[in-house]
Amino acid sequence: MGSIRTKNDLYLLLKRSKTNLNNYLFLQTEILKLTKVKISEGALKSLELSLRYFCNNLHKKWVSASYNEIRFLNKHDTWLMQNYILPEDFASEIRIKNVSPNRGSNLNETKFNNYSDRHKNRITESLRNNYSSDELLHAAKFKCKTESKNDMASILNYLIENPSEANRIKKTCEKNSIYLDTLSKNKALGMIISLKLSKYQYSTLRNSLLKDGINYYPSYYKIQQAKNDCYPAKESIHVTSSGAKIQLQALLDHTVSRILLTVQKNQNEIVYKKLVLISKWGCDGASGQSNYKQIDSNNTFENDSGIFIISLVPIKLYDLNTDEVIWENDRPSSTHFCHPIKFEFVKEN
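### Remarks on the side chain of lysine 141
Note that lysine 141 resides in helix H10 (residues 133-146). Here lysine 141 is buried and forms no salt bridge, its nearest opposite-charge partner glutamate 161 lying at an N-O distance of 6.0 Å. The contacts of lysine 141, once residues within four sequence positions are left out, are Ala153, Leu156, Asn157 and Ile160.

### Some words on the packing of helix H13 (residues 185-195) against helix H15 (residues 220-229)
It is at 9 Å that the axes of H13 and H15 come closest, and there the two elements cross at 90°. Viewed along their axes, H13 and H15 adopt a mutual orientation that is roughly perpendicular. In this structure, H13 uses Lys185, Asn186, Ala188, Leu189 and Ile192 to contact H15, whose residues at the interface are Tyr220, Lys222, Ile223, Gln225, Ala226, Lys227 and Asp229. For the contact of H13 with H15, the residue count by class is six nonpolar, two polar and four charged.

### Quick look at a nonpolar patch on the surface
Taken together, Leu127, Tyr131 and Leu136 make up a surface patch of nonpolar side chains, about 260 Å² in accessible area. In this structure, tyrosine 131 sits in the loop between helix H9 (125-130) and H10.

### What about the pattern of salt bridges?
Within the structure shown, the criterion is met by five salt bridges. Of the charged contacts, one joins arginine 168 and glutamate 165 as a salt bridge, the two residues approaching to 2.6 Å between their closest N and O atoms.

### With respect to the confidence of the model for the protein chain
Of all residues in the protein chain, 84% have pLDDT values of 70 or greater, and the mean over the chain is 80. Taken as a whole, residues 95-110 scores under 50 in pLDDT and shows 23 contacts with residues more than four places along the chain or in a different chain.

### Looking at the packing of aromatic side chains
Counted according to the given criterion, the structure contains nine aromatic pairs. Taken together, a centroid distance of 5.9 Å and an interplanar angle of 70° make the contact between tyrosine 202 and tyrosine 217 edge-to-face. Linking tyrosine 202 in helix H14 (residues 199-211) with tyrosine 217 in the loop between H14 and H15, this pair joins segments that are 15 residues apart in sequence. You can call tyrosine 202 buried: its relative accessible area is 0%. Summarising the aromatic geometry, the rings of tyrosine 216 and tyrosine 217 are spaced 5.0 Å apart at their centres and angled 65° between planes, so their arrangement reads as edge-to-face. A connected cluster of aromatic rings, assembled from ring pairs, spans Tyr202, Tyr216, Tyr217 and Tyr220. The side chain of lysine 61 reaches across the aromatic face of tryptophan 79, ending 5.0 Å from its centre. One Lys or Arg, lysine 145, reaches over the ring of phenylalanine 142 and ends 5.1 Å from the middle of that ring.

### Focus: helix H16 (residues 248-262)
Every α-helix winds through 3.6 residues per turn, so residues three or four apart in the chain are directed the same way. Counted at 1.5 Å a residue, the expected span for H16 with its 15 residues is 21 Å, and the 22 Å between its end C-alpha atoms agrees. All buried positions along H16 are accounted for by Leu251, His254, Thr255, Val256, Ile259 and Leu260. Close packing links the buried residues of H16 with H15, strand S2 (243-246), strand S3 (275-286), strand S6 (307-319), strand S7 (325-328) and strand S8 (339-344).

### Notes on the environment of isoleucine 160
On the secondary structure map, isoleucine 160 appears in helix H11 (residues 150-161). Here isoleucine 160 falls in the partly exposed class, since its relative accessible area comes to 33%. Separated by 26 residues in sequence, isoleucine 160 and aspartate 134 have C-alpha atoms that sit 7.8 Å apart. Discounting chain neighbours no more than four positions away, the residues touching isoleucine 160 are Leu137, His138 and Lys141.

### Digging into the pairing of strand S1 (residues 237-240)
Of the strand pairs in this sheet, S1 and S2 are connected by four bridges, and their pairing is antiparallel. Among the inter-strand pairings, isoleucine 237 is bridged to a residue of S2, identified as isoleucine 246.

### Digging into the nonpolar core
Ranked by size, the top nonpolar core spans 29 residues in total, and within it Leu10, Tyr11, Leu27, Leu51, Phe54 and Leu58 carry the most contacts. Elements with a minimum of two residues in this core: helix H1 (7-17), helix H2 (24-35), helix H3 (41-64) and helix H5 (77-80). For this core, the element with the most residues is H3, which contributes eight residues. The residues contacting leucine 27, other than those within four sequence positions of it, are Leu10, Leu13, Leu14, Leu51, Phe54 and Cys55. Listed in part, the 10 residues of the second largest apolar core include Ile192, Tyr217, Tyr220 and Ile223.

### Brief notes about the side chain of glutamate 48
Within the secondary structure, glutamate 48 is located in helix H3. Among the residues examined, glutamate 48 registers a relative accessible area of 18% and is labelled buried. When neighbours within four sequence positions are excluded, glutamate 48 is seen to be in contact with Tyr24, Leu25 and Gln28.

Thresholds applied
Within each chain, residues carry numbers counting from 1 in the order of the written sequence. Only residues with pLDDT of at least 70 get local features here, since the model is predicted, and only at 80 or more are side-chain atom pairs given and counted; chain-wide, interface and lining totals rely on the full set of residues. Remark: hydrogens and water are excluded; side-chain values derive from all non-hydrogen atoms of the structure. What counts as a helix is a DSSP run of H or I of at least four residues, what counts as a strand is a run of E of at least two, and both are numbered from the N terminus. With a 1.4 Å probe rolled over the protein chains alone, any residue whose accessible area is under 20% of its type maximum counts as buried; one over 50% counts as exposed, and the rest are partly exposed. Only four residue types enter the charge count: Lys and Arg as positive, Asp and Glu as negative, with His and the chain ends excluded. In what follows, salt bridge is the name for a side-chain nitrogen of Lys or Arg lying within 4 Å of a carboxyl oxygen of Asp or Glu. Contacts were defined at the residue level, with two residues in contact if any of their heavy atoms lie within 4.5 Å. With axes taken as lines fitted to C-alpha atoms, and helix axes fitted only over the stretch in contact, angles between N-to-C directions fall between 0 and 180 degrees. Working definition: roughly parallel below 35 degrees, roughly antiparallel above 145 degrees, roughly perpendicular at 65 to 115 degrees, and oblique for all remaining angles. Residues are grouped as follows: nonpolar covers Ala, Val, Leu, Ile, Met, Phe, Trp, Tyr, Cys and Pro; charged covers Asp, Glu, Lys and Arg; every other residue, Gly included, is treated as polar. Distance thresholds for patches are 9 Å for like charges and 5 Å for nonpolar side chains (Val, Leu, Ile, Met, Phe, Trp, Tyr), applied to residues having over 30% relative accessible area and no salt bridge. Note that accessible areas follow from Shrake-Rupley with a 1.4 Å probe, and for residues the cover is restricted to the protein chains shown. What pLDDT reports is the predictor's confidence in each residue, on a scale of 0 through 100. Side-chain rings of Phe, Tyr and Trp (the six-membered ring for Trp) are treated as a pair once their centres are within 6.5 Å; stacked means planes under 30 degrees apart, edge-to-face means over 60, and tilted covers the remaining angles. Over a ring means this: the NZ of a Lys or the CZ of an Arg is within 6 Å of the ring centre and within 35 degrees of the ring normal. What a helix is expected to span follows from its residue count: subtract one and scale by 1.5 Å. Should DSSP find at least two bridges between two strands, the strands are regarded as paired. Buried Ala, Val, Leu, Ile, Met, Phe, Trp, Tyr and Cys residues form a nonpolar core when they are joined through side-chain atoms within 4.5 Å.

Okay, here's the thing in structure tokens:
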């Protein structure tokens, strides 16, 4: 059938009708509307069983995504894009000549708009590779005319004949729009830490703005990149079953490099010959924590109910030659500035 090809087409049918995702009988009715032929009882039963199996799988995947549509589409995108295979005996009874891929139901005309941008790019890749932008615009103009979208066709025709006007039209469209520069990934990470946002909370906040056309917060992938940038080189970190430690010089070098990134000056115009970092360090311990009885390298249970940690806090960075203060910690007692040097699962005493 030309108008229902993938599992995503069936899913969108159910979503648009606002019916239960287990309603396989609704899907059967919609498919029969497209066939326009009389189907035998045996073929109808095969179709019913096939759709019931599909709806069962769809509902399970919907539950696994915690009934969240965005999470569902991201998690099961590959499955949704698979072709839906009709039962063989049902397919053999369909007269293909009566079910044209281009003139089936209105589903073909509307389903494209329901796809994500990534899937739209995938579908139109062959068109973009084989035809120029001028050819595609010309084809789009005449396609709009055949579908009675005369206003769209007129706009495309005007742009084709007056390409220099595109920038003026763009500014006119954006005149009443809200435009915000995307927040940097480091500032977004700082906001997440300060507000103690979970990944789900941040993604929900970002998606709610995207629905209104405001792309202000960066993707969570960029947040993960910002987190990785906060870590020193892996080779300077040593981890064992009872704790972890980092080379002190590597930690100090990384701290200074990160501080310099926060300085609100043009780094290309600054030449620092000798920098001095003033820091403080301290240690603390805690006990009575949950004991998970992790097995160490000697196959013995590691006691992780007590932990002892040594941390460093940067206080001030200045230029030794000019005594210029480049950066100063305005909250030296905040845990946000504690850089762990070493921790171990031992009692404090």
